[in-house]
Amino acid sequence: MKPSQNLLSWQVFVATCRTRSISQAAVLLDIDLPKASRLLSALETELGEPLFDKSHRPIQPTPRAAELQRAVEPLVAGFQAALEPKAEPHERLTIRFAAPIELAQEYFSDKLFQYSELFHDIEFAVLPEVGPDDIRRGDVDVAVLNRRPADPSGLIIRNYNNSTTVPLATPEYLRRHGTPLSPADLKMHEGLLLKAYNDDTVT
């Protein structure tokens, strides 16, 4: 069978176009990564051109891939719907997801939307940032916290990112007041203090 005649090849292609990641496409389709890579490579070989620019992260579909996605995606969705067993109508599962607003807007919202597009029985309600007690009370299902709670009881915690906040100053300020050479020198300077939502200390 030619790769272009294999429904799974096109499913991997469409999922990769949506997620910009072969590994995420493999997870969503419940197949292993090497198999997903082989299917895409075979499809590219048959078509005689690359479908993704892998020199950037996330990978980007080529103009040809974008054209193919528009043509193939409705067909793939139709085949999937025809092959899936008919289920009784049921309500969609809503997952309440809370995160700092800048992360929700710039990163998570797009990822959650992509997931809902692939799994139509799941939707997300994106909520403002919350604290550990809100999670324990069941007010939200999943939350991104900006600091690991001092009391982790009743929570399942997964670390996904480490970040650091650094002091910043304009060149004009440094010309007028001098450049601090050590943390102790900061006592002689004016500034804005940042207090995180889930942080009892001021940084």
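Numbering of residues starts from 1 in each chain and follows the order in which that chain's sequence is written. Given that this is a predicted model, residues contribute local features only at a pLDDT of at least 70 and side-chain atom pairs are listed and counted only at 80 or more, while totals for whole chains, interfaces and linings are drawn from all residues. With hydrogens and water set aside, each side-chain value is computed from the structure's full complement of heavy atoms.

### Regarding the overall build of the protein chain
Part 1 of the reasoning: For the protein chain, the count of helices and strands is seven helices and five strands.
Part 2 of the reasoning: If you list the helices and strands of the protein chain from N to C, you get α-α-α-β-β-α-β-α-β-α-β-α.
Part 3 of the reasoning: Atoms considered for the radius of gyration are the C-alpha atoms alone. The globule rule reads 2.2 Å times the number of residues to the power 0.38. On C-alpha atoms alone, the protein chain measures out to a radius of gyration of 24 Å, which is more than a quarter above the 17 Å that the 2.2 N^0.38 rule sets for 203 residues.
Part 4 of the reasoning: When its C-alpha atoms are laid out on the principal axes, the protein chain stretches across 75 × 45 × 25 Å.
Part 5 of the reasoning: Note on classification: 1.4 Å probe, protein chains only; a residue is buried when its accessible area is under 20% of the maximum for its type, exposed when over 50%, partly exposed between these limits. Out of the 203 residues in the protein chain, the part that is buried amounts to 27%.
Part 6 of the reasoning: Contact between two residues is taken to exist if any of their heavy atoms lie within 4.5 Å; hydrogens are not considered. A separation of at least 24 residues holds for 57% of the contacts in the protein chain among residues at least 6 apart in sequence.
Part 7 of the reasoning: All accessibility values rest on the Shrake-Rupley procedure with a 1.4 Å probe; residue burial counts only the protein chains present in the view. Of the accessible surface of the protein chain, which amounts to about 14600 Å², a share of 57% is contributed by carbon and sulfur atoms.
Part 8 of the reasoning: Lys and Arg are tallied as positive, Asp and Glu as negative. Neither His nor the chain termini are counted. By convention, the point assigned to a charge is CZ for Arg, NZ for Lys, CD for Glu and CG for Asp. Both charge centroids of the protein chain, one from 22 positive and one from 28 negative side chains, sit 4 Å from each other. Helix numbering and strand numbering both begin at the N terminus, where a helix is a DSSP run of H or I of at least 4 residues and a strand a DSSP run of E of at least 2.

### Regarding helix 4 (residues 63-83)
Part 1 of the reasoning: Look at helix 4: 30 Å from first C-alpha to last across 21 residues, which is about the 30 Å you get at 1.5 Å a residue.
Part 2 of the reasoning: A residue's bend is given by the angle between axes fitted to the 7 residues ending at it and the 7 residues starting at it. The largest bend along helix 4 reaches roughly 40 degrees and is located at valine 72, with the proline proline 74 sitting one to four residues downstream.
Part 3 of the reasoning: Considered for burial, the residues of helix 4 that qualify are Ala65, Leu68, Gln69, Val72, Glu73 and Val76. A helix is expected to span 1.5 Å for every residue after the first.

### Concerning the nonpolar core
Part 1 of the reasoning: Nonpolar cores are built from buried Ala, Val, Leu, Ile, Met, Phe, Trp, Tyr and Cys residues. Side-chain atoms within 4.5 Å join them into one set. Trp10, Phe13, Leu51 and Phe52 are the most contacted members of the largest nonpolar core, which totals 19 residues.
Part 2 of the reasoning: It is helix 1 (residues 7-19) that contributes the most residues to this core, five residues altogether.
Part 3 of the reasoning: Not counting chain neighbours up to four residues away, the residues in contact with tryptophan 10 comprise Pro3, Ser4, Leu43, Leu68, Val72 and Val76.
Part 4 of the reasoning: Of all hydrophobic cores here, the second largest spans six residues; its members include Ala99, Ala104, Phe108 and Leu112.

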